[in-house]
Amino acid sequence: MGTRPIPPNIPDRARTPVQRDTALRLVGGYKRFHDTPVLTGVDLTVHEHEFVAVTGRSGSGKSTLLRILAGLDTLDAGTIHWTGGGSSGRPHTGVVFQQPRLMPWLTVGENIAYGGRFRAHRDHFDAAHATGLLSRFGLHDLAERTPDQLSGGQAQRVAIIRAVAIGPELLLLDEPFSALDPSIRADLRGWLREVTAELDMTVVLITHDIDEAIELADRIVLLGDTGTIRDEWVVASAPTRDCLRREIFGSYSGAVGADPVGEPA
Ligand SMILES: Nc1ncnc2c1ncn2[C@@H]1O[C@H](COP(=O)(O)OP(=O)(O)OP(=O)(O)O)[C@@H](O)[C@H]1O
């Protein structure tokens, strides 16, 4: 890769394809809705502290995959092997969706502290640490505001801090910036990268935006039309970002109805 903009003081932690412990391994993931198969044999491994972006055309099953990883939906066949995790057998997971889903009657600080009530070991949840994250990641001015006093971008930043404040072993992000104005998405990506790198998180991001995937992820996985993983790329192994973009788009275009954001000219 050429010179990727790295925020100051952020270690370029997982940009090189080093061997890492496995955080999760999905084998033969199969899911259908009624009689229609959506995932037909997804094999996906995510390593600890790795940032994986899953992309694919609309309807390819990206959100279904994320919901399964989040425990919000179940596989019809196949297995997920988790490393770590408490008595539940699965890791503690933070999830952020396209909409921030903040509780409107609570302040930003309360929203973040309240998230800790859902933590498995809630007695150990440190509310001061949680609100301290607001300061650490530049949101201290927002702590006393209610969600209706936030811009869309601010609300989504708060939603992300709420998710990481519970100290998740796995952070799942489903198109977190797609509802936002393109002009602020770039800022948010840089900020998200700073947060996840500094906290050394294991992340799975669902996005249909190839540029977003390239900017944020260590590895990019393309979900094809047939419900399986069609291709994957280690970002650090690509000679240049443009080269990678062309390669992903080429693979994307092989899929019927390709619709990646930021189609190369
Ligand atoms: N609860 C459900 N019941 C029936 N069909 C569903 C359900 N959830 C998803 N589907 C269908 O499964 C397919 C995959 O949906 P999914 O939302 O996972 O795709 P996606 O890749 O995330 O799409 P998009 O990029 O448009 O959000 C779609 O055809 C969708 O209509």
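As the structure is a computational prediction, the values presented were derived from the model and not from experiment.

Here's the deal with the overall build of the chain
- When you go through the chain residue by residue, the secondary structure sums to 7 helices and 9 strands.
- Per-residue burial over the chain gives 36% buried out of 265 residues.
- Considering only residue pairs separated by 6 or more positions, the chain has 70% of its internal contacts joining residues 24 or more positions apart.

So, helix α5 (residues 182-198)
- Between its terminal C-alpha atoms α5 stretches 25 Å, which fits the 24 Å expected from 17 residues at 1.5 Å a residue.
- Within α5, burial applies to R185, L192, R193, V195, T196 and A197.
- Immediately downstream of α5, the backbone of D200 shows phi near 55 degrees, a positive value.

A few points about the sheet that holds strand β6 (residues 170-174)
- One open sheet holds the 6 strands; their spatial order is β5-β6-β7-β3-β8-β9, and the pairing between them is mixed. Strand pairing shows two members of the sheet lacking a second neighbour, β5 (93-96) and β9 (229-234), which therefore form its edges. This sheet shows a mean twist of 15 degrees between the axes of neighbouring strands, independent of strand direction.
- Two strands pair when backbone bridges link them, and strand β8 (residues 219-223) and β9 are joined in this way by 5 bridges, in the antiparallel orientation. Bridge pairing in β9 links L222 to D231.
- Sheet strands in contact with helix α7 (residues 241-253) are β8 and β9, and its direction is about 175 degrees off that of β9.

Description of the site of the ligand
- Every residue lining the ligand is accounted for by F33, V38, G56, S58, G59, S60, G61, K62, S63, T64 and H208.
- Across the shell around the ligand, the residue classes tally to 2 nonpolar, 8 polar and 1 charged.

Thoughts on the sheet that holds strand β2 (residues 36-47)
- Spatial ordering of the open sheet is given by β2-β1-β4, a layout of 3 strands whose pairing is antiparallel. Here the strands that pair on one side only, and so sit at the sheet edges, are β2 and β4 (77-82). Taken pair by pair, the neighbouring strands of this sheet meet at an average axis angle of 10 degrees, ignoring direction.
- As judged from the 5 bridges shared by strand β1 (residues 22-33) and β4, these two strands associate in the antiparallel manner. Looking across to β4, one finds that R25 is bridged to H81.

A few points about unusual backbone geometry
- At H49, a position not held by glycine, the phi torsion is positive, near 65 degrees.
- One non-glycine residue, R101, lies in the positive phi region at around 55 degrees.
- Here R101 falls in the partly exposed class, since 13 other C-beta atoms lie within 10 Å of it.

Considering the nonpolar core
- Membership of the largest hydrophobic core comes to 58 residues, with the highest contact counts inside it found for V52, V204, L205, A217 and I220.
- In terms of residue count, the dominant contributor to this core is helix α4 (residues 152-165) (8 residues).
- Apart from residues lying up to four places away in sequence, L205 is in contact with F51, A53, L173, L216 and A217.

Quick notes on the environment of G250
- Mapped onto the elements, G250 comes out in helix α7.
- Residues G250 and T202, 48 residues apart in the sequence, show an inter-C-alpha distance of 28 Å.

Considerations on the confidence of the model for the chain
- The pLDDT averaged across the chain works out to 85; a share of 82% of its residues lies at or above 70.
- With pLDDT under 50 throughout, residues 1-17 is counted as low confidence; its partners more than four residues away or in other chains account for 29 contacts.
- With a pTM of 0.87, the predicted complex shows an ipTM of 0.97.

So, the environment of R245
- Its location among the elements puts R245 in helix α7.
- According to the C-beta neighbour criterion, R245 is partly exposed, with 19 such atoms within 10 Å.
- The spacing of R245 and G59 is 186 residues in sequence and 21 Å in space, taken between C-alpha atoms.

Cut-offs used in this document
Residues numbered from 1 in each chain as written. Predicted model: local features only at pLDDT ≥ 70, side-chain atom pairs only at ≥ 80, totals over all residues. Helix = DSSP H or I, 4+ residues; strand = E, 2+ residues; numbered from the N terminus. Buried ≥ 20, exposed ≤ 12 C-beta atoms within 10 Å, placed from the backbone. Contact = placed C-beta atoms within 7 Å. Expected span 1.5 Å × (residues − 1). Pairing = 2+ DSSP bridges. Axes fitted to C-alpha atoms, helices over the stretch in contact; angles between N-to-C directions. Near = placed C-beta within 6 Å. Nonpolar A, V, L, I, M, F, W, Y, C, P; charged D, E, K, R; others polar. Core = buried A, V, L, I, M, F, W, Y, C linked by C-beta atoms within 7 Å. pLDDT = per-residue confidence, 0-100.

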